[in-house]
Amino acid sequence: LRAAAIGVLEVDLVGSRVSVDPRTREIFGLAAMGTSGTLDQICAVIHPEDQRQFNDSLVLALKNESSFEAEFRILLADGTIRFVQYRGKYAEENETGQRVRRGLLIGVCIDVTEKHLKDVALLESEQNFRGTFENAAIGIAQISIDGQW
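Rules behind the numbers
Residues numbered from 1 in each chain as written. Predicted model: local features only at pLDDT ≥ 70, side-chain atom pairs only at ≥ 80, totals over all residues. Heavy atoms only, no water. Helix = DSSP H or I, 4+ residues; strand = E, 2+ residues; numbered from the N terminus. Buried < 20%, exposed > 50% of the residue type's maximum accessible area, 1.4 Å probe, protein only. Core = buried A, V, L, I, M, F, W, Y, C linked by side-chain atoms within 4.5 Å. Contact = heavy atoms within 4.5 Å. Pairing = 2+ DSSP bridges. Axes fitted to C-alpha atoms, helices over the stretch in contact; angles between N-to-C directions. Polar contact = N/O pair within 3.5 Å; in protein donor to acceptor, adjacent residues only side chain to side chain.

Participant: How do you make sense of the overall build of the chain when you look at a structure like this?
Facilitator: Broken down by element type, the chain carries four helices and six strands. Listing each helix as α and each strand as β along the chain from the N terminus yields β-β-α-β-α-α-β-β-β-α. Looking at the chain residue by residue over its 149 residues, the buried ones come to 32%.

So, in structure tokens, the structure goes:
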């Protein structure tokens with residue numbers, strides 16, 4: 001997980017507690033949190049515009065005892081915005097097949113900020129090219145270096 005820069009986040013939806021690894025603390029900007037904390041600490045750094053969607057997704061995962069997947073923004077103390085993807089699975093059983101406590105999601109967090117910014121830049125570039133091409137006062141043709149259509 002360390003080589004892939006993936007963090008682990010366990011969310012106890014019933015007790016509103018979380019367990020995190022060092023990479024998750026780094027992603028969320030919560031270095032002082034330690035290995036465990038509250039769900040409120042995680043929610044406090046989620047961008048205000050994304051908090052409702054995040055909370056609704058958690059409630060749905062608890063209600064349906066299902067997996068959880070969300071992409072949301074983190075707002076760090078210095079104003080930096082990160083894009084985070086979380087994929088969690090409702091933990092029904094442990095490795096030995098015994099039922100674990102109700103409301104436990106175990107999953108991974110990935111900082112997808114760089115990918116998101118590249119996707120936005122690509123979309124803007126495509127829109128600029130399309131606008132130039134569609135609004136040109138003269139004809140435009142696109143050919144390869146060897147002069148082929």
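Participant: I'm lost on the nonpolar core in this one. Help?
Facilitator: Taken as a class, soluble globular proteins show a tendency for nonpolar side chains to be buried jointly. One finds Phe-28, Phe-72 and Leu-105 to be the most contacted residues of the largest nonpolar core, which totals 28 residues. Among the secondary structure elements, those contributing two or more residues to this core are strand S1 (6-12), strand S2 (17-20), helix H1 (22-28), helix H2 (39-45), helix H3 (48-64), strand S4 (68-75), strand S5 (81-90) and strand S6 (104-111). Those residues in contact with Phe-28, other than ones at most four positions away along the chain, are Ile-42, Val-45, Phe-72, Ile-74, Leu-76, Arg-82, Val-84 and Cys-109.

Participant: Help me understand the pairing of S2, please; the structure alone is not making it clear to me.
Facilitator: One face of the sheet, then the other: side chains in a regular strand alternate in exactly this way. Here S2 shows a clear split, with Val-18 and Val-20 buried on one side and none of Arg-17 and Ser-19 buried on the other. Bridging between S1 and S2 involves four bridges; their strand directions are antiparallel. Within the sheet, the bridge partner assigned to Val-11 lies in S2 and is Val-18. Where S1 hands over to S2, the hairpin turn is made up of four residues, of which Ser-16 adopts a positive phi near 55°. Pairing analysis gives three bridges linking S2 to strand S3 (residues 36-38), with the strands arranged antiparallel.

Participant: I would appreciate a short explanation of the sheet that holds S2 in the present structure.
Facilitator: Sheets are built from strands that pair by backbone hydrogen bonding, the pairs being arranged parallel or antiparallel. Pairing is antiparallel across the open sheet formed by six strands, whose spatial order is S3-S2-S1-S6-S5-S4. Both outer strands of the open sheet, S3 and S4, are each paired with one neighbouring strand and no more. Going across the sheet, the axis of each strand differs from the next one's by a mean of 30°, ignoring polarity. Most of the contacts of H3 go to S4, to which it runs at about 155°, and overall it touches S4, S5 and S6. Sitting on the sheet, helix H4 (residues 113-134) touches S4, S5 and S6, and the angle it makes with S5 is about 120°.

Participant: Is there a simple way to think about the environment of Gln-41 in this case?
Facilitator: Within the secondary structure, Gln-41 is located in helix H2. The class of Gln-41 is partly exposed, set by a relative accessible area of 31%. Sequence-wise, Gln-41 and Val-18 are 23 residues apart; in three dimensions their C-alpha atoms are separated by 8.9 Å. When neighbours within four sequence positions are excluded, Gln-41 is seen to be in contact with Leu-30 and Met-33. Polar side-chain contacts of Gln-41 include one of 2.7 Å to the backbone nitrogen of Thr-38.

Participant: It is not clear to me how unusual backbone geometry should be interpreted in this structure. Could you clarify?
Facilitator: Excluding glycine, most residues fall at negative phi; most peptide bonds, likewise, are trans. The residue Ser-16 is not glycine, and still its phi comes out positive at about 55°. Note that Ser-16 resides in the loop between S1 and S2.

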